[in-house]
Amino acid sequence: QVELVESGGGLVQTGASLRLSCAASGRAVNSNSVGWFRQAPGKEREFVAAISWTGATTHYADSVKGRFTISRDNAKNMVYLRMNSLNPEDTAVYYCAARTPEQLLPIDVPVYHYWGQGTQVTVSS
């Protein structure tokens, strides 16, 4: 079983920065890609960013490219999402997601098996 716990969300003003953290435990999380998704009120969940198991490859949604940075520390079983230049459109619950070791999919395929409980990010104008 895999457990993902997000933290680091909060209420910030436009232009501020936040760093979200995802603590992972369980079955071989470090052997596959990890992603961040978000869901705003009344909207479907959308892909934000993903990182390969080595950290060498990343993939971003166009809406966050250049502002958000995903990283991971496999020694600590942690994945991070650094968010800069936040704006009200970034307001959402942010979720960390992990694949099983058998889900050998390209990094730009937003298919994941394990999900965290989410952390709220609210950006005021």
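Just above sits the structure.
Every chain begins its residue count from 1, and numbering advances along the sequence as written. Reporting of local features is limited, given that this is a predicted model, to residues whose pLDDT is at least 70; pairs of side-chain atoms are given and counted only at 80 or more, and all residues count toward the totals for whole chains, interfaces and linings. By convention in this description, side-chain values take in all heavy atoms of the structure and omit both hydrogens and water.

Draft legend 1. Main features of the environment of Trp53. In DSSP terms, a helix is any run of H or I states spanning at least four residues, a strand is any run of E spanning at least two, and both are numbered starting from the N terminus. Position of Trp53 relative to the elements: it lies in the loop between β5 (46–51) and β6 (58–60). Measuring from C-alpha to C-alpha, the distance between Trp53 and Asn32 comes to 4.6 Å, with 21 residues separating the pair along the chain. Leaving out residues up to four positions away in the same chain, Trp53 has contacts with Asn30, Ser31, Asn32, Ser33, Arg72 and Asn74. Contact between two residues is taken to exist if any of their heavy atoms lie within 4.5 Å; hydrogens are not considered.

Draft legend 2. Highlighting the side chain of Arg67. Among the secondary structure elements, Arg67 is positioned in the loop between β6 and β7 (68–73). What qualifies as a polar contact is a pair of N or O atoms within 3.5 Å, subject to a donor-acceptor requirement within protein and to the restriction that residues adjacent in sequence count only when both atoms come from side chains. Within the local environment of Arg67, its side chain forms a polar contact with the backbone oxygen of Ser63, the two atoms lying 3.0 Å apart. Beyond its immediate sequence surroundings of up to four residues, Arg67 is in contact with Arg82, Met83, Asn84, Ser85, Leu86, Asn87 and Asp90.

Draft legend 3. Spatial organisation of the environment of Thr69. Structurally, the position occupied by Thr69 is in strand β7. Here the alpha-carbon distance between Thr69 and Cys22, two residues 47 residues apart in the chain, equals 14 Å. Apart from the residues lying within four places of it in its own chain, the contact partners of Thr69 are Tyr60, Tyr80, Leu81 and Arg82.

Draft legend 4. The pattern of salt bridges, seen in detail. A carboxyl oxygen of Asp or Glu within 4 Å of a side-chain nitrogen of Lys or Arg is what we treat as a salt bridge. On inspection of all chains with the given rule, the structure shows 4 salt bridges. The partner of Glu46 in a salt bridge is Arg38, and the shortest N-O contact between them spans 2.6 Å. Sharing partners across several salt bridges, the network here consists of Arg38, Glu46, Arg67 and Asp90.

Draft legend 5. Structural detail: the packing of aromatic side chains. Put simply, two rings from Phe, Tyr or Trp (the six-membered ring, in Trp's case) pair if the centres are within 6.5 Å, and we call them stacked under 30 degrees between planes, edge-to-face over 60, tilted for the rest. For the coordinates displayed, the defined rule picks out 4 aromatic pairs. In textbook terms, an aromatic cluster arises when at least three aromatic residues are bridged by ring pairs, as seen for Phe37, Phe47, Tyr112 and Trp115. Definition used: whenever NZ (Lys) or CZ (Arg) falls within 6 Å of the ring centre and also within 35 degrees of the ring normal, the charge is taken to sit over that ring. Taking NZ or CZ as reference, Arg45 lies 3.7 Å from the ring centre of Trp115, over its face. Lying over the aromatic face of Tyr112, Arg99 brings its terminal NZ or CZ to 4.6 Å of the ring centre.

Draft legend 6. Representation of the sheet that holds strand β8 (residues 78–83). Read from one edge of the open sheet, 4 strands run β1-β3-β8-β7, paired in antiparallel fashion. Bordering the open sheet on either side are β1 (2–7) and β7, each of which pairs with just one other strand. Shown here is a sheet whose adjacent strand axes are inclined to one another by a mean of 15°, direction ignored. At least two DSSP bridges between two strands are needed for those strands to be called paired. Here the axes come from fitting lines to C-alpha atoms, over the contacting stretch only for helices, and the angles between their N-to-C directions go from 0 to 180 degrees.

Draft legend 7. Main features of the state of the cysteines. The disulfide criterion used throughout: a pair of cysteine sulfur atoms within 2.5 Å. This model, assessed by the stated rule, comprises 1 disulfide. A sulfur-sulfur distance of 2.1 Å marks the disulfide that ties Cys22 to Cys96. For the disulfide bridge between Cys22 and Cys96, the dihedral angle about the S-S bond is near -75°, and by the sign convention the bridge is left-handed. One end of the pair, Cys22, is in strand β3 (residues 18–26); the other, Cys96, is in strand β9 (residues 92–98), with 74 residues separating them in the sequence. The pair formed by Cys22 and Cys96 is uniform in burial state, with each residue classed as buried. Residue burial is assigned from relative accessible area. The probe radius is 1.4 Å, only protein chains are included, and a residue is buried under 20% of its type maximum, exposed over 50%, and partly exposed in between.

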